[in-house]
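# Summary of the model geometry
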Amino acid sequence: MSRLWARFAGLFSSKSFIGVDKTGNKYFSRMEEIDGFVKEKRWVKFRREEDPTSIPVEWICWLNGQRKRAPTPEEMIELEARRERVKLNVALLKKEEEEKKARVGTGRKITIGKVDGPDLTSFVRQFPPDSKGGEPEEASEEADKSRAKEHEPEIVSAEPPEPKTTEPSGSGSSFRPGTWQPPS
């Protein structure tokens, strides 16, 4: 019972004020003995509602023990000025990039639909005949024919496609596989 009372009394007597941030949050610490070890406890009292996003990064690092010393007001002013300079530089770079794009253009050719691959005919013809005695011309002609079949344009029908439903469509001879999709 005496330990509990000492701990309760210690909450009010041994805390020390460390600092305040620009939003008005106050930071405190105290030394506390836990299981025979003396450790420093650090906490924040929020000015308004408890909003962890209102705590600056430097104070978060101090609260988590990643910093031994609390940030000074001079350090906070310097870091805030640096952040503002970075924001201005980013805005300037974005503006320059947009101006450059407007002057030069995108430089890319926009194509809609199926795009053909590279023509490999000249590449295939440079190799010597295969060991079976076939002519490279014959092999490349066969490759050309198979490649032409791959790049044939798709035939588009005039009738609109049937909408896919979650229920199977048709039965027996009117059943069409692939039209049913499981409900999501």
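Predicted model only: the values in this text are computed from it and were never measured.

Cut-offs applied
- Residues numbered from 1 in each chain as written.
- Predicted model: local features only at pLDDT ≥ 70, side-chain atom pairs only at ≥ 80, totals over all residues.
- Heavy atoms only, no water.
- Buried < 20%, exposed > 50% of the residue type's maximum accessible area, 1.4 Å probe, protein only.
- 1 Å grid on protein atoms, 1.4 Å probe; cavity = no way out; pocket = protein on both sides within 12 Å on 5 of 7 lines; lining within 4 Å.
- Points joined across faces, edges and corners; volume = space filled by probe spheres on them.
- Helix = DSSP H or I, 4+ residues; strand = E, 2+ residues; numbered from the N terminus.
- Phe/Tyr/Trp six-rings, centres within 6.5 Å; stacked < 30°, edge-to-face > 60°.
- Lys NZ or Arg CZ within 6 Å of the ring centre and 35° of its normal.
- Core = buried A, V, L, I, M, F, W, Y, C linked by side-chain atoms within 4.5 Å.
- Contact = heavy atoms within 4.5 Å.
- pLDDT = per-residue confidence, 0-100.
- Pairing = 2+ DSSP bridges.
- Axes fitted to C-alpha atoms, helices over the stretch in contact; angles between N-to-C directions.
- Polar contact = N/O pair within 3.5 Å; in protein donor to acceptor, adjacent residues only side chain to side chain.
- Salt bridge = Lys/Arg side-chain N within 4 Å of Asp/Glu carboxyl O.
- Patch = residues over 30% accessible without salt bridge, like charges linked within 9 Å, V, L, I, M, F, W, Y side chains within 5 Å.
- Areas by Shrake-Rupley, 256 points an atom, 1.4 Å probe, with all protein chains shown as cover.

Before going further, it helps to examine unusual backbone geometry. Phi is positive for Asp 35, close to 55°, though the residue is something other than glycine. Judged by its relative accessible area of 71%, Asp 35 falls in the exposed class.

On to the layout of surface pockets. Roughly 280 Å³ of internal volume is contained in the second largest pocket. Lining the second largest pocket are 17 residues, and of these Val 20, Asp 21, Lys 22, Trp 59 and Met 76 sit closest to its centre. Looking at the lining of the second largest pocket element by element, the count peaks at five residues for helix H3 (residues 73-104).

Here we come to the packing of aromatic side chains. Enumeration over the complete set of coordinates arrives at five aromatic pairs. Here the aromatic rings of Tyr 27 and Trp 62 are separated by 6.4 Å at their centres, their planes lie at 90°, and the arrangement is edge-to-face. Taken together, the positions of Tyr 27 in strand S2 (residues 26-34) and Trp 62 in helix H2 (residues 57-63) put the pair 35 residues apart, joining distant regions of the chain. By relative accessible area, which is 2% here, Trp 62 ends up buried. Counting every residue linked through ring pairs, the aromatic cluster contains Phe 17, Phe 28 and Trp 43. One Lys or Arg, Lys 15, reaches over the ring of Phe 28 and ends 4.9 Å from the middle of that ring.

Moving on, we get to the nonpolar core. A general feature of soluble globular proteins is that nonpolar side chains tend to end up buried together. Counting residues in hydrophobic clusters, the biggest one holds six residues: Tyr 27, Val 44, Ile 55, Trp 59, Trp 62 and Met 76. If near-sequence neighbours (up to four positions away) are discounted, Met 76 is found in contact with Pro 56, Glu 58, Trp 59 and Pro 71.

Right, let's get into the confidence of the model for the protein. Taken over all residues, the pLDDT of the protein has a mean of 77, while the share at 70 or more is 63%. Of all the helices and strands in the protein, helix H5 (residues 136-150) carries the lowest mean pLDDT, 60, while H3 carries the highest, 93.

The subject of this paragraph is the sheet that holds S2. An order of S1-S2-S3 is seen for the three strands of this open sheet, with the pairing classed as antiparallel. Pairing within the sheet leaves two strands with one partner each, and these edge strands are strand S1 (16-20) and strand S3 (37-45). The sheet shows a mean angle of 30° between the axes of neighbouring strands, taken without regard to direction. Sheet topology note: the S1/S2 ladder contains four bridges and is antiparallel. Pairing of Ser 16 across the sheet is with Ser 29, part of S2.

Structurally, Arg 30 can be placed in strand S2. A polar atom in the side chain of Arg 30 sits 2.5 Å from the side chain of Glu 32.

A separate point is the pattern of salt bridges. Here the structure, examined in full by the defined rule, presents eight salt bridges. Two residues, Arg 83 and Glu 58, come together in a salt bridge whose shortest N-O distance is 2.5 Å. In this pair, Arg 83 is assigned in helix H3 and Glu 58 in helix H2, connecting sequence segments 25 residues apart. With a relative accessible area of 32%, Arg 83 lands in the partly exposed category. In this structure Glu 58 comes out as buried when scored by relative accessible area, which is 9%. One salt bridge connects Lys 87 with Glu 84, and the closest N-O pair in it is separated by 4.0 Å. Note that Lys 87 and Glu 84 are positioned in helix H3 at a spacing of three residues, about one turn of the helix. Connected through salt bridges with shared partners, the residues Lys 22, Glu 58, Glu 80 and Arg 83 form a single ionic network.

Here we take up a nonpolar patch on the surface. Taken together, the side chains of Leu 120, Phe 123 and Phe 127 make up a nonpolar region of the molecular surface, amounting to roughly 280 Å² of accessible area. Among the secondary structure elements, Leu 120 is positioned in the loop between H3 and helix H4 (121-125). Exposure remark for Leu 120: the relative accessible area of 37% places this residue in the partly exposed category.

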